[in-house]
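Fold and geometry: a report
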Amino acid sequence: MPVPALKAKDYKSGIKPVWCPGCGHFAVLAALTKAMAHLGLVKEDVAVVSGIGCSSRLPAYIDSYGFHGIHGRALAAASGLKAARPELTVVVAGGDGDGFSIGGNHFLHACRRNMDMTYIVMDNEVYGMTKGQASPTTRPTWRNSKMTPHGTGIPRFNPAAIALAAGAGFIARGYSGEPSEMTRLLVEAIEYPGFAFVQVLSGCVTYRPDQRGWKEVVHPFINDVPTEDRIKAAQIIQADDGKATGVIYASPYPVWQPENEKETELALLEEEFSL
Amino acid sequence: MNNENKVSQTTGSFSVAITGSGGSGAVTAGRIVLEAAAHCGYQGLMTRSAGPQIRGGESAAMVRFSADPVECMGDCYDLLVALDWLNIERFADEIPLSEKSLIICDPAAGEVPVQLRSNRAEIREVPFKVFASGLPEGRINMVALGAMAMVCGLPLEAMEASVSGVLQSKGEQVVESALRAMSLGYNHDRHPVNPPLPQVKKRSVWSITGNQACGVGALRGGVKFVAAYPITPASEMLEWLAPRLEKLGGSLLQAEDELASINMIIGASFGGVPSLTATSGPGLSLMVEGLGLALVSETPVTVVNVMRGGPSTGIPTKSEQADLDIALYGLHGDAPHLVFAPLSIRDCVFTTQWAVQLAEHLQTVSLVLSDQSLGQSQAIIEAPAANAIPWKRAIETEPDAAFMRYRITADKISPVTLPGTPGGMYTADGLEHNERGTPSSMASDHREQLNKRLLKLERFDYGDDWAEIEGDGDDCIITWGSTAGVVKEVARLLRQQGRAIRTISLRLLAPLQRQKLGQLIEGAERVLVVEQNHAGQLFRYLHAQAVLPEQAESLAQPGPLPLRPGRIIRALADSRVS
């Protein structure tokens, strides 16, 4: 008897999110479950891995296996899991502080390593869980945090440019206010064989009420995207205002995955020590 | 030449040190002597010492062999073979000589340095350079090896077998010229030590380093995934494991840093694959937050910490037992976990296997405190028999509707499922959680889970392997990890003098087996706690756990010099006076 197809709501765990009413992350959760339903993923064969932050609470809200680790280390935990269990669909979720600041080094190397997983960064340009500090993607003149009363004074981190430079083969940007586009992006990202990076502009209603204005400025890419051409992708990203959405770059790269067939027994290996 | 006095100075063993500038082949020569001794049926140990330079600089190989197991260096060297005199002063502290010692050197290398003459050791000159230059590809270390073999009483056949084994990969030509050079050195001055070591029957032995032995233990324990970042002195363990894990169907991933390596193995272990990393002090410091995550999410992992001189970058190439404090107390929060220390190179196999399997069974963190003196030393040991340790993770493959990942069970070990298992889905979490795994900051959930994580370790029966206990008597020495070797040697020496002494070498440091330890030292007149660090970390820990009697004393000597038997015997004598 064929199992009836799962609907998006079947992928929700039923645990009530800690997010503020109006938080952009609700839309990301909805889009992810829709993407999972669209792809017909078997729930128990999915692992959602995260670090720390508002967005990193997402794994518990999905009805699959989840791993809610420590701040900045989601990609590392996910890489270990994928290396050990390549048959699983691994989705990593987190925020801009988690991914680009404390976890920045893992971001670079996950792009390089190109293991088959999807990395969703819900970017709201602020640390929400610690109550409103500037993040790596905050503009340098934003003065609303007591911790940086003069603004950070340093340029923003450009996630797409850095992902491209570090060797990511799939780079996309979505917006929580465009849920159906986001679902499509996530479907493509999960289907992409390799490390797929999706930056989602997901506004923080509490600490960045100004982000309500995003709906006025978010727009599709005007260039032909996605491109397979690295140089063209770099040009698009450098010319971009950070508010264009769509798949920017998608190019097949060799996927790294340890694949080792057992070919001997330990007792035989131990013979090397015998004199 | 009169060699009447050249008896081995620690009865029943022979100790030789070979020194030379970088590239002179001191360590290769040491390895050949060690394995030649093995061909004669002896057991042995080779430690090495090198400066921080990557190439060049100076290096020394210290070899001791005996009919009995050798787990430490003695007080004095019977023989020093100086391939040259470059930077010899840097080793003066590490190679104690006496008037009973013999120095073999090449007159062409210049005068014997003053500080070596002052101990009045006898000097035998062998023209290494002249002999070597008369041969195609002749090497002075091989000439020296021949002279050394004659003095040690190792037969030429055993030396030849060892040379062929150790130099095999260098090709026939190299082996042949090495054998010719060695024979010249051997026949130059045919005066062996008198008396030589007792003859023993050749037996089946292993030649292995502590780092390799930890690797074997990891594989025996079922480890199939390793993620790690290179660090001295742990890298050789990783280099040994990488190709072998592959052949066994596992893998080693070189991570971008230690933060990644610990989290990668946590991820892999969450997937159900027994996982391990190896590092040294600075790397362990970076991993500590991850250890807390593994512990609270109850994801088993094992970390082998090959200790070196600390803190900070410290002395990366030399040994110290100074990471007990961080291993015991480094984690924030109430974070009970397992801490082990192998007691010898041979014991690295068992202890690592035990640590891996207990981490799996108890769903917790195992820290294994090896050190440079174990990790980078080569030993000839009786082959460690395969050990059938029963413990493993009890995985539920068909969870029922009542499945709760963090359920409070009778033995406090919660049921666990693996990704891919229908009906067993949960989110592992570093946030405190309830029995279902749902994050919770409620006092009752916190208390229940804290209790569970403590009691599953406290109530487990660790059997007799928590320590090695030898002897009985009014004097008692307690030690841990690698210094067990020298402590056991002290006890043997004292017993030969008719003194009754008990030694307790702790293999399981946490949870401390307080009751068993307390019973063993009850009524002891003298208790001496011996360790290789500055602060007396074990001594303070045992006091904090209220197991030591008031009169207990601490012998804490920091690295990098090894603790020698005489130092401990003196400490015991002092303690006797007070």
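Nothing here was measured: the structure is a model prediction, and the numbers come from that model.

Details of the pairing of strand β2 (residues 65–68) of chain A
Residues Y65(A) and F67(A) point to one face of β2(A) and G66(A) and H68(A) to the other, with burial holding for every one of them. The pairing of β2(A) with strand β15 (residues 427–429) of chain B spans three bridges and is parallel. Its bridge partner lying in β15(B), H68(A) is registered against D429(B).

Details of the packing of helix α2 (residues 74–84) of chain A against helix α9 (residues 258–270) of chain B
Where α2(A) contacts α9(B), the axes come no closer than 6 Å and their chain directions differ by 45°. When the axes of α2(A) and α9(B) are compared, the pair comes out oblique. Of the two possible hands of crossing, α2(A) and α9(B) adopt the one that is right-handed. From α2(A), A76(A), A77(A), A78(A), S79(A), G80(A), L81(A), A83(A) and A84(A) reach across to α9(B), where they touch L259(B), A260(B), N263(B), M264(B), I265(B), I266(B), G267(B), A268(B) and F270(B).

Regarding the domain arrangement of chain B
Size of an interface: often given as the accessible area lost when the parts come together. Residue and element names in this part refer to chain B. Annotation of chain B at the domain level lists domain 1 (13–203), domain 2 (208–382), domain 3 (394–460) and domain 4 (467–577). Facing 24 residues of domain 2, the contacting portion of domain 4 comprises 25 residues. Among the elements of the structure, α11 (324–329), β12 (338–340), β13 (365–371) and α13 (372–375) are those that each provide at least two residues to the side of domain 2 that touches domain 4. Along the lines of polarity and charge, the residues of the side of domain 2 that touches domain 4 split into 13 nonpolar, seven polar and four charged.

A short note on the interface of chain A and chain B
Facing the 42 residues of chain A at the interface are 50 residues of chain B. Put simply, the parts of the chain that give the side of chain A that touches chain B at least two residues each are β1 (46–50), β2, α2, α4 (104–113) and α9 (266–270) of chain A. Per element, the largest residue contribution to the side of chain A that touches chain B is eight residues, and it comes from α2(A). Of the residues assigned to the side of chain A that touches chain B, the class counts are 20 nonpolar, twelve polar and ten charged.

Let's talk about the environment of K392(B)
Residues and elements named next belong to chain B. Topologically, K392 is positioned in the loop between β14 (378–382) and β15. Counting along the chain gives 31 residues from K392 to H361, while the straight-line C-alpha distance between them is 4.5 Å. Once residues lying within four places of it in the same chain are set aside, the contact partners of K392 are Q357, E360 and H361.

Quick word on α4(A)
Taken together, the buried positions of α4(A) are occupied by H106(A), F107(A), A110(A), C111(A) and R113(A). Along the axis of α4(A), the buried residues cluster in a sector spanning 165°; they form a single face. Residues of α4(A) that are buried in the fold lie against α2, α3 (96–102), β4 (117–123), α5 (159–166) and β8 (195–201) of chain A together with α9 of chain B.

Observations concerning the pairing of strand β2 (residues 43–50) of chain B
All names here are of chain B. Most of β2 is tucked away: seven of the eight residues are buried. Bridge analysis of β2 against strand β3 (residues 58–66) gives eight bridges, and the strand direction is antiparallel. Each residue of the ladder has a partner; that of L45, found in β3, is R64. The sheet contact formed by β2 and β14 spans three bridges and is antiparallel. Its bridge partner being in β14, L45 is matched across the sheet by A379.

Reading the values: rules and limits
Residues numbered from 1 in each chain as written. Chains lettered and ligands numbered in written order. Predicted model: local features only at pLDDT ≥ 70, side-chain atom pairs only at ≥ 80, totals over all residues. Buried ≥ 20, exposed ≤ 12 C-beta atoms within 10 Å, placed from the backbone. Helix = DSSP H or I, 4+ residues; strand = E, 2+ residues; numbered from the N terminus. Pairing = 2+ DSSP bridges. Axes fitted to C-alpha atoms, helices over the stretch in contact; angles between N-to-C directions. Parallel < 35°, antiparallel > 145°, perpendicular 65-115°, else oblique. Left-handed = near helix turned anticlockwise from the far one by under 90°. Contact = placed C-beta atoms within 7 Å. Domains from an automatic or database assignment. Nonpolar A, V, L, I, M, F, W, Y, C, P; charged D, E, K, R; others polar. Arc of directions from axis to C-beta.

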